[in-house]
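Geometric and topological summary
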Amino acid sequence: MARPRSTNKLILFLAASAAALLAAYLFWSFAADVRALLEHRMGSSSAASADTIVQVIKLVLVGIIGYLVVRALNSLFFGLAFQLKRIDAPTLIRNIFTIVAFTTFFLIAFTWLFPDVKLGALFTTSAIFGVILGLALQDTLGNFFAGISLQADRPFQVGDVITVGAQRHTGVVDEISWRAIKIRTFTNHVVLIANSNAAKEPIEVCPRGNLNARLVLFNTLYTDSPAKTIHVVREAVREADNVSEKVTPIVRIRNLGDNGVDYEVKYWLEDYAKYNDTDALVRQRIWYAFRRAGINFAFPTRTLYVERPGRLAQRDGDGGAVVERLSAVDIFAPLSADETTLLAQAAVRHVFAPGETVIRAGDPGSSMFVVHKGKVRVQVSENGRPRTVATLNEGDFFGEMALFTGEPRTANVLALEETEVLEIGHAAMKRVFDTNPDLVESLSFIMAERRQGLASQTDDSSTNTHSSAGILSAIKRFFGI
Ligand code: CMP
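Residues numbered from 1 in each chain as written. Predicted model: local features only at pLDDT ≥ 70, side-chain atom pairs only at ≥ 80, totals over all residues. Heavy atoms only, no water.

Further remarks concern the overall build of the protein. When its secondary structure is counted, the protein shows 18 helices and 16 strands. Against the 2.2 N^0.38 benchmark of 23 Å for 481 residues, the protein shows a C-alpha radius of gyration of 43 Å, more extended than a compact globule. Over its C-alpha atoms, taken along the principal directions, the protein stretches across nearly 145 × 50 × 40 Å. Relative to its full complement of 481 residues, the protein shows a buried share of 35%. Here the analysis covers contacts within the protein between residues at least 6 apart in sequence; of these, 68% occur between residues at least 24 apart. (Helix = DSSP H or I, 4+ residues; strand = E, 2+ residues; numbered from the N terminus. Rg over C-alpha atoms; globule rule 2.2 N^0.38 Å. Buried < 20%, exposed > 50% of the residue type's maximum accessible area, 1.4 Å probe, protein only. Contact = heavy atoms within 4.5 Å.)

Structure representation (structure tokens):
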């Protein structure tokens, strides 16, 4: 069975420590003999040189032991901090600790072994040494201090996803050492960015605990309804794995493109490091949702439409549904099947987005509407504020007042959801009235009722004057019946 890496390291460390201690013990025991041997070899005049060599070897041995002690202290101290407080110290802090502790230890050992050498004087007087050291360590020190400022600033931490510089290296931060930031890219490569370079470059940070968002683009044919598309995609995306439940995805139109309507879906991730997988899953969910809802992706096509004047029932091929809808409208109940079909053929279909105005109060109007799909709200203005007087559903009609009397529109009518209406114009209605004069009477009752409703909502006394009989004669006069 393979031993864990940490056990191997410990065994190696203990072996190195034992070897170093043994070497030091032996050298100390035989130091006098070594000195005598050196003097003998180099001649009796060079006693001082032999002494220096022995002291230097002692310093090297003490340095090795010191280094091992500092490493042991480092592991003990930071390992203990992690055990007790769950604080995982960054590599840079560990490195700084090692450097400071070892330098202090080394200087103490140096002064102990070479009491006659004045260290302060050595450093201050040796200008050349300083220049050489400065030049040699220029980059290293730059990285070191940039690393310290990164640690102090903490713009990002291990585990965050960052994108660095013009080359846009993107990945998860693995380590911030005294020399470089190590990031693991999404293709599992390791990129090292020197701290001093990173300090100069713009860095995009997506912190680990933060709700980071992504945009995924898609498109549909122009014939597919935006309201339906937005609903379908939102529901499909919000259930995908790793999409945060805290924020509902946003689906919006980005552009009206050459080949279709371009959309974007913005969603928030729980784990940003998995954004590639999540983007792919989101696209997959959209594909399946489109398939179920009968929505089509747009692809580069050119469709040539030859527009021929013609009415709805012939043009759209779903005349059956329109005829069915109109025959279910109570005021058209007296019409024969042929008359309803004629009316359906004359009707023009319009689609309105949620919140769009179908009719604006005060506008002239010469057509009425039947709600084919969806819902509308009838609103009047009261003291400058909109007030709802009715909500009309599929099969209800509106806009008859202006059509039958020639007066301006009496109210605003707004689509409450994506709504399809069938518009019936003056000429088509006149044909219906010519063959069914009784229809005028039933319509005038409904109009009188609606006027009454308007009058009570708006305190408009002028609308009260329109009784059913008055409306009837107005319609007859207007249509020349
Ligand atoms: P018109 O005046 O042409 O345009 C606005 C339409 O709102 C109006 O015709 C009616 O069809 C409709 N409307 C007005 N008041 C009411 C009401 N109280 N109930 C239902 N519909 C109404």
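This part covers the side chain of Glu 264. Relative to the helices and strands, Glu 264 resides in strand β8 (residues 261-269). The buried category is assigned to Glu 264, whose relative accessible area is 8%. A polar atom in the side chain of Glu 264 sits 2.6 Å from the side chain of Arg 252. A polar contact of 2.5 Å, which involves the side chain of Glu 264, links it to the side chain of Arg 254. Ignoring anything within four residues of it in the chain, the contact list for Glu 264 reads Leu 215, Val 216, Leu 217, Phe 218, Ile 250, Val 251, Arg 252 and Arg 254. (Polar contact = N/O pair within 3.5 Å; in protein donor to acceptor, adjacent residues only side chain to side chain.)

Another point: the pairing of strand β11 (residues 367-373). Of all seven residues that make up β11, six are buried, and the element is covered over most of its length. Of the pairings in the sheet, the one linking β11 to strand β16 (residues 419-425) comprises six bridges and is antiparallel in character. Of the residues in β16, the one forming a bridge with Ser 367 is Gly 425. With two bridges joining them, β11 and strand β14 (residues 397-398) adopt antiparallel strand pairing. In the sheet register, Phe 369 faces β14, and the bridge partner there is Phe 398. (Pairing = 2+ DSSP bridges.)

Let us now look at the pairing of strand β2 (residues 169-176). Looking at chain direction, strand β1 (residues 161-164) and β2 are connected through four bridges and run antiparallel. Among the inter-strand pairings, Ile 162 is bridged to a residue of β2, identified as Gly 171. Here β1 folds back onto β2 in antiparallel fashion, the turn holding four residues, of which Gly 165 has a positive phi close to 70°. Bridging between β2 and strand β3 (residues 180-185) involves five bridges; their strand directions are antiparallel. When the sheet's bridge partners are listed, Gly 171 is paired in β3 with Thr 185. The antiparallel hairpin formed by β2 and β3 contains three residues in its connecting segment.

A separate point is the environment of Ala 23. For Ala 23, the position within the fold is in helix α1 (residues 5-29). Relative accessible area serves as the criterion here: at 32%, Ala 23 is assigned to the partly exposed category. Placed 74 residues apart in sequence, Ala 23 and Phe 97 show a C-alpha to C-alpha distance of 27 Å.

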